[in-house]
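An overview of the molecular structure
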Number of protein chains: 2
Amino acid sequence: MDTWLLSRMQELKDLQGLIGLATWDQETYLPARAAPARAHQLATLQGIHHERLVDPRLGDALAQAGAAGLSDDERAMVATLQREREREVRVPAALVKALAEAQSHALHAWREARKERRFARFQPALQRLLTLRREQADAYGHDGERYDALLEGYEPGMRVSRLTPVLTALREALIPMVGRLTASAPEAPDLFDGRRYDKDAQWRFTLRLLEDLGFDLEAGRQDLSIHPFTGGTHPLDVRLTTHVDESQPLSALFSTIHEAGHGLYEQGFAPELHRTPLAAAPSMGLHESQSRLWENIIGRSRPFWEHYFPLLRDDYFPQALAGVSLEGFLAAVNRVRPSLIRIESDEVTYNLHIAVRYELELLLLRDALPLEDLPAAWNERMARYLGVTPPDDARGVLQDIHWAWGELGYFPTYSLGNLYSASLHRAAARDLPDLEGHLRRGELRPLRDWLRAHVHQHGFRLPAEERVRRVTGQGLTDTDFLSYLRGKYGALHGVAL
Amino acid sequence: MDTWLLSRMQELKDLQGLIGLATWDQETYLPARAAPARAHQLATLQGIHHERLVDPRLGDALAQAGAAGLSDDERAMVATLQREREREVRVPAALVKALAEAQSHALHAWREARKERRFARFQPALQRLLTLRREQADAYGHDGERYDALLEGYEPGMRVSRLTPVLTALREALIPMVGRLTASAPEAPDLFDGRRYDKDAQWRFTLRLLEDLGFDLEAGRQDLSIHPFTGGTHPLDVRLTTHVDESQPLSALFSTIHEAGHGLYEQGFAPELHRTPLAAAPSMGLHESQSRLWENIIGRSRPFWEHYFPLLRDDYFPQALAGVSLEGFLAAVNRVRPSLIRIESDEVTYNLHIAVRYELELLLLRDALPLEDLPAAWNERMARYLGVTPPDDARGVLQDIHWAWGELGYFPTYSLGNLYSASLHRAAARDLPDLEGHLRRGELRPLRDWLRAHVHQHGFRLPAEERVRRVTGQGLTDTDFLSYLRGKYGALHGVAL
């Protein structure tokens with residue numbers, strides 16, 4: 001590839017890495033009074049990244065790179081950067097500025113509205129954001145389905161026409177399943193009834209898990225933050241955070257496993273892709289499939305805890321977990337219960353929370369739902385899908401920060417993560433006949449190595465669904481996820497699902 | 001001021017802040033395997049900073065800013081940035097690149113040479129660096145004294161013709177003083193004879209000192225690193241590091257006081273200077289005056305320890321310091337002893353180590369000393385000024401990293417720091433009649449506030465010596481420093497100096 005073009009690709013990736021550093025630092029170590037200074041520094045970096053990306057010389061170089069003489073990877077690098085650049089070029093500078101201001105305003109209004117528990121306080125700011133995001137979607141361009149243009153920013157290649165049938169079928173299968181699981185719930189101890197879980201022991205256990213998972217702590221780290229996330233600056237500098245709460249040991253534990261799933265993906269990109277546009281996951285959904293595979297399918301499974309529960313109880317929390325059995329613990333970490341709040345929900349009902357959001361976003365982008373009707377539409381769907389009704393907007397339509405950030409089109413990637421995770425797990429179990437045995441012996445590396453070989457190392461070489469199809473033999477489907485749930489919860493609840 | 005020009009000034013400062021973040025992170029939290037990635041990220045940031053600084057549009061805007069309609073601060077901002085820009089513009093891109101390569105090569109050669117304890121291993125790489133730095137100095141321009149052009153990079157406005165007489169007089173006064181102090185040394189306990197100083201207690205004591213010093217931990221932090229330093233991204237985000245060693249409690253203690261001196265300076269810049277070229281110290285020497293004033297003049301003084309020693313011994317290290325008296329402790333932290341290694345030396349002999357380096361650098365830049373004669377010239381001066389002779393080059397000419405970095409012209413700023421610190425302290429004692437009483441009661445804020453009012457807040461409004469003259473009534477002099485040493489050590493050793 002042309003040296004100038006390659007150096008521009010590397011520079012853009014370096015800038016993204018530095019944005020990653022400034023963001024990570026902001027959530028971990030930044031002194032309180034420095035927040036406005038950091039906002040300026042981030043805006044400067046983002047402005048320079050934008051300027052370099054839309055630079056016409058880059059556009060020319062990409063156009064001239066052609067196909068001749070390029071390797072497959074180089075062709076994919078050019079195509080990936082070209083797509084990213086074209087999206088960025090299409091949005092006028094005035095719109096970028098208006099969006100940034102509207103976001104900042106909406107975040108403030110959202111916080112106030114939550115305090116007042118009243119959507120009307122948030123509505124004008126959200127209306128403004130929605131108007132601008134519609135404009136942005138039209139600027140990106142679409143075939144009549146405006147939502148597609150926003151979805152493309154998180155899930156390149158995915159379309160509403162492909163997604164809706166799958167998510168609708170999933171929803172229709174889950175509603176009765178949740179009913180049956182609620183009715184047949186096994187006895188589970190309350191692990192949080194005033195018991196104290198030593199923070200240092202929690203931290204040590206999470207580090208042990210990272211070690212066992214093969215997360216390379218010479219090429220990454222774990223720190224504390226209020227909201228756990230995965231960030232970093234490079235595949236050899238991947239930064240996880242977790243949150244340790246003395247009364248909620250599962251929070252740190254499952255956060256660490258979840259973020260490690262993301263982190264293993266980032267660490268797994270092939271070295272020849274580093275500092276190129278291919279050192280990235282092809283979609284948020286596929287990224288999320290890795291965190292959810294490890295957190296839910298592995299981290300809440302019986303074989304996993306057959307190995308780890310005795311350790312957790314006897315070596316880390318001998319007092320707090322005294323008298324808790326493996327069966328009780330498994331029931332506690334796999335409790336299915338319709339609830340009001342998405343981030344507290346279990347892996348079964350979770351997708352119904354997403355259905356509510358996805359369907360409402362779709363209506364909003366289609367101009368088919370006046371914003372003042374949003375809270376009622378939210379509550380109606382919550383009642384219909386989950387059988388619960390929010391007592392106020394704070395525990396309803398105002399619960400997530402996403403819309404206040406202007407992130408419309410993001411929510412379905414969570415369900416895509418669940419669906420892809422089950423399909424990939426099925427393929428892994430096919431290729432690793434002793435997968436359960438490995439887990440039972442605390443051997444997590446064989447699965448990590450399989451994921452690295454089949455998913456991680458490839459970065460953005462293929463779109464997400466294409467990657468999954470290569471590995472599993474089929475693309476997006478709810479079959480594997482539903483069959484995973486039926487198998488697992490059928491056994492746990494002793495019912496046929 | 002022109003909005004565009006101001007926004008360019010802010011952008012440059014943001015980029016410097018981000019370079020500060022990436023550097024701080026590199027020395028504190030960066031995973032081991034990420035070092036090459038970080039080098040790329042830093043090079044990208046520095047490249048962008050350079051590109052923005054030499055941008056001809058910035059040159060035009062600065063030239064057109066003129067004097068009319070500008071406030072005093074704005075005029076100083078324009079002049080400061082103009083000077084910085086002109087230096088950067090004068091160095092051809094090829095030379096910048098050659099210097100970066102030569103530095104990287106020299107660092108490697110220096111490390112190898114230290115292992116082999118043999119200067120000859122380092123000599124060719126240093127020769128290359130020296131040749132390039134001479135070229136660079138000639139590109140910057142000078143009036144026949146090439147050293148001036150490099151010194152300007154660390155100590156704007158200072159000249160060899162002004163510096164040499166002062167440092168020579170200082171040297172001539174110190175040589176006999178060291179002899180008399182060595183001969184009259186008081187009894188001092190060996191604080192490091194196998195005693196263990198709890199690391200956590202050391203850390204807590206350093207935090208207490210930061211609190212007492214008025215270092216704002218909401219606008220800064222302290223972390224651990226191998227070599228203590230002060231960095232950060234903004235006056236509201238100042239980052240100190242210290243080094244805690246179980247057998248060397250004074251290392252963390254004095255490092256923290258030293259770095260806090262730097263940090264208080266950075267935190268003290270007036271808010272109206274933030275994100276402008278004036279949010280900076282006018283020289284390395286004046287910056288160093290703050291760290292040395294706090295570390296040596298205050299932090300090794302009797303009134304300071306009259307307050308802190310009982311605390312240190314009784315509350316933090318009751319076992320390790322059992323039986324140590326205030327007198328013994330003061331003697332131990334003020335031991336004057338000619339030694340081989342600069343960074344282990346005391347505040348008296350320190351300046352003789354600097355004299356050796358400054359005089360040799362001057363000869364090298366004047367082409368008056370062949371590089372192969374450097375070790376012999378080093379050893380000869382060490383014997384003449386300090387009465388000690390390095391047994392090998394590792395403990396002689398190879399001990400400092402500065403020359404391997406290409407930092408020629410930096411060393412004298414350390415002595416300038418000592419000289420300025422004593423002059424500023426004299427002025428503070430004049431304005432604060434109860435300064436000793438404050439220290440005896442552990443009240444460090446009055447001195448901090450005085451320094452903030454007279455030095456810190458002004459940032460780069462005036463050159464260093466001009467700032468000192470405004471405050472003390474005179475510019476660079478060795479009188480105050482020598483009289484400080486005579487007073488302090490005369491009393492400690494019971495001799496007239």
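Relevant structure appears above.
Reference entry: report on the structure contained in this document. (Residues numbered from 1 in each chain as written. Chains lettered and ligands numbered in written order. Predicted model: local features only at pLDDT ≥ 70, side-chain atom pairs only at ≥ 80, totals over all residues. Heavy atoms only, no water.)

Helix and strand content of chain A: 20 helices and 3 strands. For chain A, whose C-alpha radius of gyration is 23 Å, the value lies close to the compact-globule estimate of 23 Å for 497 residues. Its C-alpha atoms put chain A at 65 × 50 × 50 Å along the principal axes. In chain A, which comprises 497 residues, the proportion classed as buried is 59%. When contacts within chain A are restricted to residue pairs at least 6 apart in sequence, long-range pairs at least 24 apart make up 73% of them. Between the centroid of the 59 positive side chains of chain A and the centroid of its 69 negative side chains there is a distance of 2 Å. (Helix = DSSP H or I, 4+ residues; strand = E, 2+ residues; numbered from the N terminus. Rg over C-alpha atoms; globule rule 2.2 N^0.38 Å. Buried < 20%, exposed > 50% of the residue type's maximum accessible area, 1.4 Å probe, protein only. Contact = heavy atoms within 4.5 Å. Lys, Arg positive; Asp, Glu negative; His and termini not counted. Charge placed at Lys NZ, Arg CZ, Asp CG, Glu CD.)

Residue and element names in this part refer to chain B. On the basis of which strands lie adjacent, the open sheet formed by 3 strands has the order E1-E3-E2 and mixed pairing. Edge positions in the open sheet fall to strand E1 (220–224) and strand E2 (230–234), since each of these has one partner strand only. Neighbour to neighbour, the strand axes of the sheet diverge by 20° on average, direction disregarded. Taken together, the 5 bridges between E1 and strand E3 (residues 237–242) define a ladder with parallel strand orientation. The partner of aspartate 223 across the bridge, within E3, is threonine 241. (Pairing = 2+ DSSP bridges. Axes fitted to C-alpha atoms, helices over the stretch in contact; angles between N-to-C directions.)

Aligned on chain B, chain A shows an RMSD of 0.0 Å; the corresponding rotation is 180° and the shift along the axis is 0.0 Å. The transformation just described matches what one would write down for a two-fold rotation axis. (Least-squares fit on C-alpha atoms with pLDDT ≥ 70 in both.)

Counted at 1.5 Å a residue, the expected span for helix H16 (residues 412–431) of chain B with its 20 residues is 28 Å, and the 29 Å between its end C-alpha atoms agrees. Burial runs high along H16 of chain B: 16 of the 20 residues are buried. (Expected span 1.5 Å × (residues − 1).)

Once that is clear, we can look at the interface of chain A and chain B. Across the boundary between the two partners, chain A contributes 35 residues, which contact 35 residues of chain B. Carbon and sulfur atoms make up 59% of the surface buried where chain A meets chain B, a total of about 3,100 Å² over both sides. Three residues stand out in chain A for area buried against chain B, namely Tyr29, Arg33 and Gln41 of chain A, and they jointly supply 19% of the buried area on that side. Put simply, chain A and chain B have 8 salt bridges between them. In this structure, aspartate 216 of chain B engages arginine 33 of chain A in a salt bridge whose closest nitrogen and oxygen atoms are separated by 2.5 Å. If you list the elements that add at least two residues to the side of chain A that touches chain B, you get helix H1 (3–28), helix H2 (35–54), strand E1 (220–224), strand E2 (230–234) and strand E3 (237–242) of chain A. (Buried area = accessible area lost by both parts, 1.4 Å probe. Salt bridge = Lys/Arg side-chain N within 4 Å of Asp/Glu carboxyl O.)

Residues and elements named next belong to chain B. Within the secondary structure layout, proline 235 lies in the loop between E2 and E3. Residues proline 235 and alanine 219, 16 residues apart in the sequence, show an inter-C-alpha distance of 7.5 Å. If near-sequence neighbours (up to four positions away) are discounted, proline 235 is found in contact with Ala219, Glu266, Gln267, Phe269 and His274.

Residues and elements named next belong to chain B. Taken N-terminus to C-terminus, the directions of helix H11 (residues 284–298) and H16 make an angle of 60°; their axes are 7 Å apart at the nearest point. Overall, the two elements H11 and H16 adopt an arrangement that is oblique. Our pair here, H11 against H16, has a crossing hand that is right-handed. Contacts between H11 and H16 involve Met284, Gly285, Leu286, Glu288, Ser289, Gln290, Arg292, Leu293, Asn296, Ile297 and Ile298 from the first element and Thr413, Tyr414, Leu416, Gly417, Asn418, Tyr420, Ser421, Ala422, Leu424 and His425 from the second. Split into classes, the residues belonging to the contact of H11 with H16 amount to 10 nonpolar, 9 polar and 2 charged. (Parallel < 35°, antiparallel > 145°, perpendicular 65-115°, else oblique. Left-handed = near helix turned anticlockwise from the far one by under 90°. Nonpolar A, V, L, I, M, F, W, Y, C, P; charged D, E, K, R; others polar.)

Trans peptide bonds make up the majority, and among non-glycine residues the majority have a negative phi. Unusually for a residue other than glycine, arginine 275 of chain A sits at a positive phi of about 60°. Take arginine 275 of chain A: its relative accessible area is 13%, and that puts it in the buried class. Despite not being glycine, aspartate 367 of chain B has its phi angle at roughly 60°, a positive value.

What follows is about empty space enclosed by the protein. All names here are of chain B. Counted according to the given criterion, the structure contains 8 cavities of 30 Å³ or more. Taken together, Tyr197, Gln202, Phe205, Thr206, Pro249, Leu250, Ala252, Leu253, Leu312, Phe317, Leu321 and Phe329 make up the lining of the largest cavity. Taken together, the elements giving at least two residues each to the lining of the largest cavity come down to helix H9 (199–213) and helix H10 (249–268). Considering every element that reaches the lining of the largest cavity, the biggest residue donor is H10, with 4 residues. (1 Å grid on protein atoms, 1.4 Å probe; cavity = no way out; pocket = protein on both sides within 12 Å on 5 of 7 lines; lining within 4 Å. Points joined across faces, edges and corners; volume = space filled by probe spheres on them.)

Counting 130 residues, the largest nonpolar core has Phe122, Trp305 and Leu374 of chain B as the members making the most contacts within it. Ala279, Tyr316, Leu374 and Tyr410 of chain A belong to the second largest nonpolar core, which has 129 residues in total. (Core = buried A, V, L, I, M, F, W, Y, C linked by side-chain atoms within 4.5 Å.)

Quick look at the sheet that holds E3 of chain A now. Residues and elements named next belong to chain A. Strand order across the open sheet formed by 3 strands is E1-E3-E2, with mixed pairing between neighbours. Bordering the open sheet on either side are E1 and E2, each of which pairs with just one other strand. For this sheet the average axis-to-axis angle between neighbouring strands, irrespective of direction, equals 20°. Here 4 bridges tie E2 to E3, and the two strands are oriented antiparallel to one another. Across the sheet, threonine 230 pairs through a bridge with leucine 240, a residue of E3. Seen against the sheet, helix H9 (residues 199–213) touches E1 and E3 and runs at an angle of roughly 160° to E1.

Summed over all chains, the structure comprises 100 salt bridges over all chains. Where arginine 461 of chain A meets aspartate 73 of chain A, a salt bridge forms, and the shortest distance between an N and an O atom there is 2.8 Å. Of this pair, arginine 461 of chain A sits in the loop between helix H18 (445–454) and helix H19 (464–472) while aspartate 73 of chain A is found in helix H4 (residues 72–90), placing the two residues 388 residues apart along the sequence. Arginine 461 of chain A sits in the partly exposed class, given a relative accessible area of 22%. One salt-bridge network, held together by shared partners, links Asp25 and Arg38 of chain A together with Asp237 and Arg239 of chain B.

Attention shifts here to the environment of leucine 408 of chain B. Within the element layout of this structure, leucine 408 of chain B appears in the loop between helix H15 (374–386) and H16. In this structure, the C-alpha to C-alpha distance between leucine 408 of chain B and tyrosine 154 of chain B, residues 254 residues apart in sequence, is 9.8 Å.

Another aspect to go through is the packing of aromatic side chains. If you walk through the whole model with that rule in mind, you get 39 aromatic pairs over all chains. What links up through ring pairs into an aromatic cluster is the set Phe205, Phe254, Phe304, Trp305, Tyr308, Phe309, Tyr316 and Phe329 of chain A. Sitting over the ring of tyrosine 350 of chain B, arginine 292 of chain B keeps its end group 4.3 Å from the ring centre. Here the basic side chain of arginine 357 of chain B rests over the ring of phenylalanine 411 of chain B, its NZ or CZ set 5.5 Å away from the ring centre. (Phe/Tyr/Trp six-rings, centres within 6.5 Å; stacked < 30°, edge-to-face > 60°. Lys NZ or Arg CZ within 6 Å of the ring centre and 35° of its normal.)

All names here are of chain A. Along the chain, the position of glutamate 465 falls in helix H19. Polar side-chain contacts of glutamate 465 include one of 2.5 Å to the side chain of arginine 162. Apart from the residues within four sequence positions on either side, glutamate 465 is in contact with Met158, Arg162, Tyr420, Gly475 and Leu476. (Polar contact = N/O pair within 3.5 Å; in protein donor to acceptor, adjacent residues only side chain to side chain.)

This brings us to the side chain of aspartate 212 of chain A. Along the polypeptide, aspartate 212 of chain A turns up in helix H9. Residue class for aspartate 212 of chain A comes out buried when judged on its relative accessible area of 17%.

Residue and element names in this part refer to chain A. Compared with an ideal rise of 1.5 Å per residue, which puts 24 residues at 34 Å, helix H8 (residues 160–183) spans 34 Å between its outermost C-alpha atoms and is within 8% of the ideal. Every buried residue of H8 is accounted for by Val160, Leu163, Val166, Leu167, Leu170, Arg171, Ala173, Leu174, Met177, Val178 and Leu181. On the buried face of H8, the contacting elements are helix H7 (146–151), helix H14 (350–365), helix H15 (374–386), helix H16 (412–431) and helix H20 (479–493).

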